[in-house]
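# An overview of the molecular structure
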Amino acid sequence: MATPNISNTNIGVFTELPHAQMTVERIVDRVRNARLFPQFADVRDLDWAGAVVLDAGCGAGMKCLPLALVGAEVVGIDGSPAQASRAKAAAEALGVDAEFLVGRLENLSDLWGDRDQADLIINSAVIHHVDGWRDVIAQFEQILKPGGWLYLTWGDPSLSLCGFILKNQIAYRLGWNMRSRLKIGRALFGWWDRRRNTMDVELDSFFADLYAAYYNPIPLRTMLHELDRANFRIAGSMPPFNLQQWLARTKHNKWFLAHLGLIGDAVVRWRYFFRFRHGPRVLLCQRVKNH
Ligand SMILES: C[S@@+](CC[C@H](N)C(=O)[O-])C[C@H]1O[C@@H](n2cnc3c(N)ncnc32)[C@H](O)[C@@H]1O
C-alpha cells in the first residue's frame, strides 16, 4: 500500500490519541526530574540561560521545558493542536515563559520567521513521521546559528534487528485506518511490546504510537549523508556507530581494539543490530561554522 501524506496520518494519530494519562501534573513532574542531555557531556554542562531553543515537533513539551526551567528562551512547534495545548498548560503550571505554536515541520522556516537564529534545535522522535524529512534537515541549517547544536533522535532501522520499524511497517500496511492498525499491531506484537511502556501511559495511546503512526525507515547511513549535506558534524551518537565512539565510552582499557579499524566499526554496528532491546538512535550534531 502506498503511504499518501504520512504527516497527515501521523498528526491525526497524535491529535486523536495523545497520551491520555500523561496529565499536566505528570508532565510537570517528569520535566522537574529530567536530566539535561544525559548522553552528551559536550552540551550537558553549557549554560543554557538565555539560549534560543527550538523544539521541532515538541509534543507535550517534555524535551524543551527542562531548558525553559534553566532560563532558555523556548519555542515549541507541533502539528497537533492537542499536543501544543498540553505543552502550553505544562509551561503555565511550571511558571515558565515558553511559546508553543501549531504548525508543520515542512513550513519550519516560515513559522520561525525573523526570530534570532537558534542555539539549539531539539528534534526528538519526529523526523521519521514527516513527509519531505530531508528538506526539514536543510531548514534546521537555516535556523541554527553557526556552531549551534542539533539534538536528533529517530527510529533507526540499523538498530536492534529493525525490530520496531519492522513491526510498524507490518501493522501499518495490514491496517486501513488508525483503529485497525492499532488492533492489528496490538494483536500481533502487543503481548511483547507492552513491557516497553515504561512511561506507563494508557495502552491504546502507547500502541497507537507504535503501530498506527507511520515510521519512515531512515537508515543511519542516509541520515548521516543528509546531515553532512546540511553542514552538520556529528559530535556524538548513542548508541555509538563506530569503534572510536564506542572506545570513548567504555571504562575498560581496550587499547588492543583501537587498531581494528573498519573491522572494529563493523563489529560495533553489529553489536547494536543484534539485540532485542528497542530504542531510538540519538545524535548530537553541530552546525559547522564556516563553509
Ligand atoms: C512521538 S511524538 C514526540 C514528541 C516530543 N518530541 C517528545 O520527544 O516527547 C511525535 C510528535 O511529532 C508531531 N508531528 C508529527 N509529524 C509532524 C509534522 N509533519 N509537523 C509537525 N509535527 C509533527 C506529532 O504531532 C507528535 O506530537
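Structural notes, computed from the coordinates. (Residues numbered from 1 in each chain as written. Predicted model: local features only at pLDDT ≥ 70, side-chain atom pairs only at ≥ 80, totals over all residues.)

### Considering the overall build of the protein
Helices and strands together make up the secondary structure of the protein, namely 13 helices and 7 strands. Here the protein holds 291 residues, and 41% of them are scored as buried. Residue pairs in contact within the protein that sit at least 24 positions apart in sequence constitute 75% of those at least 6 positions apart. (Helix = DSSP H or I, 4+ residues; strand = E, 2+ residues; numbered from the N terminus. Buried ≥ 20, exposed ≤ 12 C-beta atoms within 10 Å, placed from the backbone. Contact = placed C-beta atoms within 7 Å.)

### Here we look at the site of the ligand
Around the ligand, the surrounding shell holds 22 residues, and the nearest of these are Phe-14, Gly-59, Gly-79, Ser-80 and Ser-124. Element by element, the count of residues in the shell around the ligand is highest for helix H1 (residues 6-16), at 4 residues. By residue class, the composition of the shell around the ligand is 8 nonpolar, 9 polar and 5 charged. (Near = placed C-beta within 6 Å. Nonpolar A, V, L, I, M, F, W, Y, C, P; charged D, E, K, R; others polar.)

### A short note on helix H9 (residues 178-193)
End to end, H9 covers just 18 Å across 16 residues, shorter than the expected 22 Å (1.5 Å per residue, more than 12% under). Helix geometry: H9 is bent most strongly at Ala-187, by close to 55°. Buried residues of H9: Arg-181, Leu-182, Ile-184, Gly-185, Arg-186, Phe-189 and Asp-193, and no others. (Expected span 1.5 Å × (residues − 1). Bend = angle between axes of the 7 residues up to and from the residue.)

### A look at the sheet that holds strand E3 (residues 98-102)
In space, the 7 strands of this open sheet follow the order E3-E2-E1-E4-E5-E7-E6, with mixed pairing throughout. Edge positions in the sheet fall to E3 and strand E6 (232-238), since each of these pairs with one other strand and no more. Between one strand axis and the next, the sheet turns through 15° on average, direction left out of account. Examined bridge by bridge, strand E1 (residues 52-56) and strand E4 (residues 118-124) share 3 bridges and lie parallel to one another. (Pairing = 2+ DSSP bridges. Axes fitted to C-alpha atoms, helices over the stretch in contact; angles between N-to-C directions.)

### Thoughts on the pairing of E1
For a regular strand, side chains alternate in direction, first toward one face of the sheet and then toward the other. Where burial is concerned, most of E1 is hidden: 4 out of the 5 residues are buried. Relative to strand E2 (residues 73-78), E1 runs parallel, the two sharing 5 bridges. The residue of E2 that forms the bridge with Asp-55 is Gly-76.

### Some remarks on the packing of H9 against helix H10 (residues 203-212)
The N-to-C vectors of H9 and H10 enclose an angle of 100°; their axes lie 8 Å apart at closest approach. Viewed along their axes, H9 and H10 adopt a mutual orientation that is roughly perpendicular. Between H9 and H10, the contacting residues are Met-178, Arg-181, Leu-182, Ile-184, Gly-185, Arg-186, Gly-190 and Asp-193 on the first element and Asp-204, Phe-207, Ala-208, Leu-210, Tyr-211 and Ala-212 on the second. Its residues assigned to classes, the contact of H9 with H10 comprises 8 nonpolar, 2 polar and 4 charged. (Parallel < 35°, antiparallel > 145°, perpendicular 65-115°, else oblique.)

### Observations concerning the nonpolar core
In terms of nonpolar packing, the biggest core is built from 54 residues, with Val-53, Cys-64, Ile-121 and Leu-150 touching the most fellow members. Considering every element that reaches this core, the biggest residue donor is strand E5 (residues 144-154), with 6 residues. Not counting residues within four places of it along the chain, the set of residues in contact with Val-53 comprises Cys-64, Leu-67, Ala-72, Glu-73, Val-74, Ala-118, Asp-119, Leu-120 and Ile-122. One finds Phe-14, Phe-164, Tyr-172 and Phe-206 within the second-largest nonpolar core, a separate group that totals 19 residues. (Core = buried A, V, L, I, M, F, W, Y, C linked by C-beta atoms within 7 Å.)

### Describing the environment of Trp-246
Among the structural elements, Trp-246 can be located in helix H12 (residues 243-249). For the pair Trp-246 and Asp-265, spaced 19 residues apart in sequence, the C-alpha to C-alpha distance is 9.0 Å.

### Structural notes on the environment of Gln-139
Looking at the secondary structure, you find Gln-139 in helix H7 (residues 133-143). Residue Gln-139 is classed as buried on the basis of its 22 C-beta neighbours within 10 Å. For the pair formed by Gln-139 and Leu-108, sequence separation is 31 residues and the distance between their alpha carbons is 6.9 Å. Gln-139 has contacts with Leu-108 and Ser-109, leaving out every residue within four places of it along the chain.

### Overview of unusual backbone geometry
With an omega of -5°, the peptide bond running from Met-238 to Pro-239 counts as cis. Checked against the element boundaries, Pro-239 lands in the loop between E6 and H12. Phi at Asn-231 is positive, roughly 65°, even though this residue is not glycine. Tracing the backbone through its elements, the reader meets Asn-231 in the loop between helix H11 (220-229) and E6.

### Remarks on the packing of helix H2 (residues 24-33) against helix H5 (residues 81-94)
Here H2 crosses H5 at 65°, and the two axes come no closer than 9 Å. By crossing handedness, the relation of H2 to H5 is classed as right-handed. On H5, the residues that touch Val-24, Ile-27, Val-28 and Val-31 of H2 are Arg-86, Ala-89, Ala-90, Ala-93 and Leu-94. (Left-handed = near helix turned anticlockwise from the far one by under 90°.)

### Comments concerning the environment of Asn-8
Position of Asn-8 among the secondary structure elements: in helix H1. Taking C-alpha positions, Asn-8 is 8.8 Å from Val-130, a pair spaced 122 residues apart along the chain.

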